[in-house]
Amino acid sequence: MEITSVTVGLPVTDIEASCLWYGAVFERAEPDLEPDEGIAEYEVGGIWVQLYEDESAEENPVSVRFGVDDAAAQHARIGALGIDIGPVECVDGAVDWFDVRDPDGNVLSLFSLVDETGRGSGGRDSDAGRAI
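Parameters at a glance
- Residues numbered from 1 in each chain as written.
- Predicted model: local features only at pLDDT ≥ 70, side-chain atom pairs only at ≥ 80, totals over all residues.
- Heavy atoms only, no water.
- Helix = DSSP H or I, 4+ residues; strand = E, 2+ residues; numbered from the N terminus.
- Contact = heavy atoms within 4.5 Å.
- Polar contact = N/O pair within 3.5 Å; in protein donor to acceptor, adjacent residues only side chain to side chain.
- Core = buried A, V, L, I, M, F, W, Y, C linked by side-chain atoms within 4.5 Å.
- Buried < 20%, exposed > 50% of the residue type's maximum accessible area, 1.4 Å probe, protein only.
- Salt bridge = Lys/Arg side-chain N within 4 Å of Asp/Glu carboxyl O.
- Patch = residues over 30% accessible without salt bridge, like charges linked within 9 Å, V, L, I, M, F, W, Y side chains within 5 Å.
- Areas by Shrake-Rupley, 256 points an atom, 1.4 Å probe, with all protein chains shown as cover.
- Lys, Arg positive; Asp, Glu negative; His and termini not counted.
- Charge placed at Lys NZ, Arg CZ, Asp CG, Glu CD.
- Pairing = 2+ DSSP bridges.
- Axes fitted to C-alpha atoms, helices over the stretch in contact; angles between N-to-C directions.
- Arc of directions from axis to C-beta.
- 1 Å grid on protein atoms, 1.4 Å probe; cavity = no way out; pocket = protein on both sides within 12 Å on 5 of 7 lines; lining within 4 Å.
- Points joined across faces, edges and corners; volume = space filled by probe spheres on them.
- Nonpolar A, V, L, I, M, F, W, Y, C, P; charged D, E, K, R; others polar.

(A) Layout of the environment of Asp 104. Mapped onto the elements of the fold, Asp 104 is located in the loop between strand E7 (95–101) and strand E8 (107–113). It is 9.4 Å that separates the C-alpha atoms of Asp 104 and Leu 10, two residues lying 94 residues apart in sequence. Residues within four places of Asp 104 in sequence aside, it is in contact with Pro 11, Val 12, Thr 13, Ser 18, Ala 57 and Glu 58. Within polar-contact distance, the side chain of Asp 104 engages the side chain of Thr 13 at 2.6 Å.

(B) Examining the nonpolar core more closely. Within the largest apolar cluster, 24 residues are counted, with the highest numbers of intra-cluster contacts made by Tyr 22, Phe 26, Leu 51, Phe 66, Ile 78 and Leu 108. With six residues, helix H1 (residues 15–26) is the largest single contributor of residues to this core. Sequence-distant contacts of Leu 51, that is, excluding residues within four places in its chain, are made with Leu 10, Val 12, Ile 15, Ser 18, Cys 19, Tyr 22, Gly 38, Ile 39, Ala 40 and Tyr 42.

(C) Expanded view of the pattern of salt bridges. Scanning the model with the defined rule gives two salt bridges in all. Among the salt bridges present, the one from Arg 28 reaches Asp 32, with a minimum N-O distance of 2.8 Å. A relative accessible area of 38% means that Asp 32 is categorised as partly exposed.

(D) Spotlight on unusual backbone geometry. Despite not being glycine, Glu 27 shows a phi value in the positive range, around 55°. Along the chain, Glu 27 turns up in the loop between H1 and strand E2 (33–36). According to the relative accessible area criterion, Glu 27 is exposed, its value standing at 56%.

(E) Molecular detail of a negative patch on the surface. On the surface, a cluster of negative charge is made up of Asp 14, Glu 16, Asp 36, Glu 37 and Glu 53. Within the secondary structure, Asp 14 sits in the loop between strand E1 (7–12) and H1.

(F) Just the sheet that holds E7, in detail. The four strands lie next to each other as E5-E8-E7-E6, forming an open sheet whose pairing is mixed. Pairing within the sheet leaves two strands with one partner each, and these edge strands are strand E5 (63–67) and strand E6 (89–91). When the angles between neighbouring strand axes are averaged without regard to direction, this sheet yields 25°. Contacting E5, E7 and E8, H1 runs over the sheet at an angle of about 5° to E8.

(G) Quick look at helix H2 (residues 71–80). Of the residues making up H2, those classed as buried are Ala 71, Ala 72, His 75, Ile 78 and Gly 79. End-on, the buried residues of H2 take up no more than an arc of 130°, which puts them together on one face. Buried residues along H2 sit against H1, E7 and E8. The positive-phi residue at the C-terminal boundary of H2 is Gly 82, with phi of around 85°.

(H) Spatial organisation of the layout of surface pockets. Estimated volume of the largest pocket: approximately 250 Å³. Forming the walls of the largest pocket are 14 residues, and the residues nearest its centre are Val 25, Phe 26, Val 44, Phe 66 and Val 68. Within the residue set of the lining of the largest pocket, elements represented by two or more residues are H1, E5 and H2. Of all the elements, H2 adds the most residues to the lining of the largest pocket, at three residues. For the lining of the largest pocket, the residue count by class is eight nonpolar, three polar and three charged.

Keep in mind these numbers describe shape, not what the thing actually does.
Next comes the structure, spelled out in structure tokens:
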């Protein structure tokens, strides 16, 4: 089997509100595709994130993890949008990460790997960008 692409489906209760939320988080004015009513897709990091309307979305949340260059910088940026986020957590010698829940409870986890000196993205030594 040869995999040619990956799409992660996230259930949402309100496609318009979710597109505003994901557009802000992904820094996009609009989805990359809207293949059908109630469906919107964003291409990020080589995968497709597909939002689809599902009235029971809040009962079945999904977790998706995204690698970024600097978790602390993204934490500060997303927090500045007024979105409630968890603190930057650090696994010494491995990764810095934080979680943010969309309006339906789906979890986006953003992480950055530590550099060759064992230092992360800067989140562990600074209170800048901590959860609101």
